[in-house]
Number of protein chains: 2
Amino acid sequence: MTEDIINVAIVEDEDEIRGLLEQIIDRSPGFSCKHVYKDCESAIESIKDARPDVVLMDIQLPGINGIEGIKILKDQMPDTDFIMLTIRDEEGVIFQSLCAGATGYLLKETPPVKLLAAIREVREGGSPMSPGIARKIAMSFHPSAENPLTPREKEVLTRLTDGENYATISDKLFISGNTVRAHIKNIYRKLHVSSRAEAVVAAIKKNLI
Amino acid sequence: MTEDIINVAIVEDEDEIRGLLEQIIDRSPGFSCKHVYKDCESAIESIKDARPDVVLMDIQLPGINGIEGIKILKDQMPDTDFIMLTIRDEEGVIFQSLCAGATGYLLKETPPVKLLAAIREVREGGSPMSPGIARKIAMSFHPSAENPLTPREKEVLTRLTDGENYATISDKLFISGNTVRAHIKNIYRKLHVSSRAEAVVAAIKKNLI
DNA sequence: TGCAAAATACCCCATACGGGCTATTGCACA
DNA sequence: TGTGCAATAGCCCGTATGGGGTATTTTGCA
């Protein structure tokens, strides 16, 4: 399954960086880099011929950005692994990249030897991440530090995410429907929402339950 | 902030493995391992004296398991980093561990030199993961492969997750409220749910939007 | 060119839901 | 010892929501 030579493509608008990366990769044993693009538009047009194993993708690009680019390219080449290679480390772009289909996320400060190791790793079923990036991803699963809900409210909210209604919740918790309503009203007030749908979204996105 | 010597604690029930880990770590320059426990109960009781920088935590333990153990210990020591060290690589336990507060996740097959590197990495703001584990986490963000929803249904579902009601959605999409209802009915049927709350939970958990 | 799916639109009807109130009990902390 | 919060419980009321239908137009693919 794994080719001897890993076929790498690059999408990067800055000529100098692109050239440098191309040389580093193409001159390293076990790697080949014959397809480089300076924007997503050209990559989308001709990358089907390249059939790369791995694509190194910048985020800030003229025209279609790297995140939108991955959505399009990953769709065409589901077996290709995409590694973001960028200076941007804000949570927003990290999670947008992963949601678009990126499998790795490296900062441009990554030294060449680590970059090559990352390309190998992603082909071997890993998911190379710069340390600070990996930490942000792990933290995104951690329980929320400031959770305004009481234990009972968490209990009720959990059941709301399971789609239970007033009657079911009051049955299972052995309390009256009016009390369930009281808890839900308090949850809404604390989370600044006014419907079950908003409440469960807030609960999941902020790791409240 | 960073101590010269990293103070490591271990929670592991198998005597042999625990002893081996203790020796590997304690005999390595830059590391200290003076606090080892064979279950979470003993760790909870006396770990406050240890004040470890890093805890290596097994999952399968007699009594309180490693996941529940982290919930309790992380609460008491929020600045301590917890690394799961386990043979288990099922998605369930991986995400449960992260949600409990784990920052790293290593398989027991990890060679000593990599284990030590991981302990250093977690203290330097990283989040060490065995390659296959990291991949599973990255994949959890990827768009769902089999998404039964049409583009319009995705659009409507996205707005449901934003807490919009029939009227707002029909206004913004320039379609009648009846059409919005028709889309929502189709969404419910395809996702096997029967309420907004369930639909938005399914949408988020299965990366449908 | 024709079929299937998608997107649009409408109807009836019961009820689960959300907003606005008030009230009691028990516990903890000051 | 009282102030505050959590948890419990009740009431009224309007409406947004969900289940059951049917029908038309547009779009995309074979």
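Values in this document were obtained by computation on a predicted structure and should not be read as measured data. (Residues numbered from 1 in each chain as written. Chains lettered and ligands numbered in written order. Predicted model: local features only at pLDDT ≥ 70, side-chain atom pairs only at ≥ 80, totals over all residues. Heavy atoms only, no water.)

Undergrad: I'd like a description of the side chain of R159 of chain A, backed by residues and values.
TA: With respect to the helices, strands and loops of the structure, R159 of chain A is situated in helix α7 (residues 151-161). The residues touching R159 of chain A, leaving out its near neighbours within four places in the chain, are E164, I169, K172 and L173 of chain A. (Helix = DSSP H or I, 4+ residues; strand = E, 2+ residues; numbered from the N terminus. Contact = heavy atoms within 4.5 Å.)

Undergrad: Give me the lowdown on helix α4 (residues 91-100) of chain B, citing residues and values where you can.
TA: Along α4 of chain B, the positions that sit buried rather than exposed are V93, I94, F95, S97, L98 and A100 of chain B. Elements that come into contact with the buried residues of α4 of chain B comprise α6 (131-139) of chain A together with α3 (66-76), β4 (81-86), β5 (104-107) and α6 (131-139) of chain B. Count one or two residues on from α4 of chain B and you reach G101 of chain B, which has phi positive near 130 degrees. (Buried < 20%, exposed > 50% of the residue type's maximum accessible area, 1.4 Å probe, protein only.)

Undergrad: So, the relation of the copies chain B and chain A: which residues are in play, and what are the values?
TA: Least-squares fitting of chain B to chain A yields an RMSD of 0.0 Å, with the transformation described by 0.0 Å of translation along the axis and a rotation of 180 degrees. Such a turn and shift between the copies fits a two-fold axis. Residue A197 of chain B, judged by its C-alpha, is the member of chain B lying nearest the rotation axis, at 2.2 Å. By residue overlap, the copies meet face to face through one surface: 100% of the interface positions of chain B are interface positions in chain A. (Least-squares fit on C-alpha atoms with pLDDT ≥ 70 in both.)

Undergrad: Kindly report on the interface of chain B and chain A, identifying the contributing residues and their values.
TA: Every contact between the two is made by 35 residues of chain B and, on the other side, 35 residues of chain A. Carbon and sulfur atoms supply 66% of the area buried between chain B and chain A, which totals about 2500 Å² over both sides. Taken as a group, R135, F141 and H142 of chain B account for 24% of the area that chain B buries against chain A, more than any other trio of residues on that side. Taken together, chain B and chain A are joined by two salt bridges. One salt bridge connects R135 of chain B with D81 of chain A, and the closest N-O pair in it is separated by 3.3 Å. (Buried area = accessible area lost by both parts, 1.4 Å probe. Salt bridge = Lys/Arg side-chain N within 4 Å of Asp/Glu carboxyl O.)

Undergrad: Mind laying out the protein's contact with DNA strand D, listing which residues take part and the relevant values?
TA: The environment of DNA strand D is made up of 19 residues, and the closest members are T150, S176 and H183 of chain A together with R181 and K185 of chain B. Sugar plus phosphate: this is where 61% of the atoms of DNA strand D within 4 Å of the protein reside. The backbone of S176 of chain A places a nitrogen or oxygen atom 2.5 Å from a phosphate oxygen of DNA strand D. At the level of secondary structure, the elements contributing two or more residues to the surface near DNA strand D comprise α7 and α9 (177-191) of chain A together with α9 (177-191) of chain B. If you tally residues by element for the surface near DNA strand D, the top one is α9 of chain A, at six residues. (Near = heavy atom within 4 Å. Polar contact = N/O pair within 3.5 Å; in protein donor to acceptor, adjacent residues only side chain to side chain.)

Undergrad: Break down the packing of aromatic side chains for me, with residues and values.
TA: All chains considered together, the criterion is met by three aromatic pairs over all chains. Judged by centre distance (5.5 Å) and plane angle (40 degrees), the rings of F95 of chain A and F141 of chain B are tilted. Residue F95 of chain A is located in helix α4 (residues 91-100), and its partner F141 of chain B is located in the loop between α6 and α7 (151-161); the two belong to separate chains. Here the two residues F95 of chain A and F141 of chain B agree in accessibility, since each one is buried. Clustering of aromatic rings is evident, with ring pairs tying together F95 and F141 of chain A together with F95 and F141 of chain B. A cation over an aromatic ring shows up here: R196 of chain A above the ring of Y166 of chain A, its NZ or CZ 5.1 Å from the ring centre. (Phe/Tyr/Trp six-rings, centres within 6.5 Å; stacked < 30°, edge-to-face > 60°. Lys NZ or Arg CZ within 6 Å of the ring centre and 35° of its normal.)

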